[in-house]
Each structure stands twice: as structure tokens, then as C-alpha cells.
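Coordinate inspection notes
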Amino acid sequence: MIEIRRLFQGFGKTRAYAAIGRVLAPMDRALLRATNGKVGVGTALGVRTLLLTTTGRQSGVARQVPLVYVRHGKGFLVVGSNWGGEQHPAWTGNLLTDADATAAIGGRTVPVRGRLLDGDERERAWLDVVAYWPAYDTYKSRAGHREIRLFLLEPR
């Protein structure tokens, strides 16, 4: 599977990938929901993917989003890249308002607490996520003025 992921890493840097990703995200979310994080579009392509459930900061309703993740100790690094868009994705604001969430991964649901990384800790973690998915550096350059949010989801 890792070879398939490597093929998509280069494509992942393109605007076409961002457009396709936005279209495929609902399908990815549905597959991950139905399989409790076992199977999704990303996992089929060899990309580590989890289904994050946060509480909507305005609605109070559960919101789900499929995310690429990188293992970090006992936790998971997730990036609020929004494919390099100018706005932060909504799930990042939800985590800043209520850090308690769940992550469905590989058939199990893990209660997590999201922590926004900054400073040296963020810089070290950023190197790890870019090593796994090099397109994050491209998204960073597209994001313009905003610093892409990077969270550590720690099991509770």
C-alpha cells in the first residue's frame, strides 16, 4: 500500500487534487462512518485516515471529518490544511472551542482531546507530517497569511 501512497503524494500537491478531495470527502466520511474507521477513500489509497468527530461550536451538533493522520507517541497528529485554502477548516475551530472529540480508526473509536501545537513542538511535529504527506508544504504556501493549524489528538 505504501507505493500507492507515494504515487499520490506528488498529485496531492496539485490544485486538481484539492478539488477532487473536496468532492470525495463526503464519500470518504460515509465509508469511514460505516466501517468505524476501517475503510475509506484514503485508506484504500494507502493513506492513514481517521474519522474525527467534534462538537459544532455554534450548533452543538456532532460534526465528522475524515483526516489524514500521523502517529505521534500514543496520539495522532492532524493538520487543518483545508487544501491550502485561505480559511481554517471548521473542525479546527470546533476543537479550539471544545477539545474533547472522538477518532474512529481501524474499527475502534478512541476518545481524544485535541491540543493545538505551537512553538518548537509544532515545528518538530510539522517535519513529521510533511515527511508523511509532502503536500502539506504546498498547502502551507497556498494558505497565504494564515498559519495552518496542527493538532495532537491525545487519547483520554
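Preceding block: the structure.
Owing to the predicted nature of the structure, the values given are computational and were not obtained by experimental measurement. (Residues numbered from 1 in each chain as written. Predicted model: local features only at pLDDT ≥ 70, side-chain atom pairs only at ≥ 80, totals over all residues. Heavy atoms only, no water.)

Under the definition given, this model contains 6 salt bridges. Close ionic contact of Asp100 with Arg113 constitutes a salt bridge, the shortest N to O distance being 2.7 Å. Residue Asp100 is found in strand β4 (residues 100–105), and its partner Arg113 is found in strand β5 (residues 108–116); the two are separated by 13 residues along the sequence. We classify Arg113 as partly exposed; its relative accessible area is 42%. For Glu121, the salt bridge identified is with Arg115, shortest N-O distance 2.9 Å. The exposure class of Glu121 is partly exposed, given its relative accessible area of 27%. With relative accessibility at 30%, the residue Arg115 sits in the partly exposed group. Salt bridges here are not isolated pairs; linked through shared partners, they connect Asp100, Arg113 and Arg156. (Salt bridge = Lys/Arg side-chain N within 4 Å of Asp/Glu carboxyl O. Helix = DSSP H or I, 4+ residues; strand = E, 2+ residues; numbered from the N terminus. Buried < 20%, exposed > 50% of the residue type's maximum accessible area, 1.4 Å probe, protein only.)

With that settled, consider the side chain of Thr49. For Thr49, the position within the fold is in strand β1 (residues 49–55). Sequence-distant contacts of Thr49, defined by excluding residues within four places in its chain, comprise Asp28, Leu32, Gly37, Gly42, Thr43, Pro66, Leu67, Val68 and Tyr69. (Contact = heavy atoms within 4.5 Å.)

Turning our eyes to something else, we now look at helix α6 (residues 135–142). Along α6, the residues classified as buried are Ala135, Tyr136, Thr138, Tyr139 and Arg142. Take α6 and look down its axis: the buried residues cluster within an arc of 155°, on one side only. Immediately downstream of α6, the backbone of Gly144 shows phi near 65°, a positive value. (Arc of directions from axis to C-beta.)

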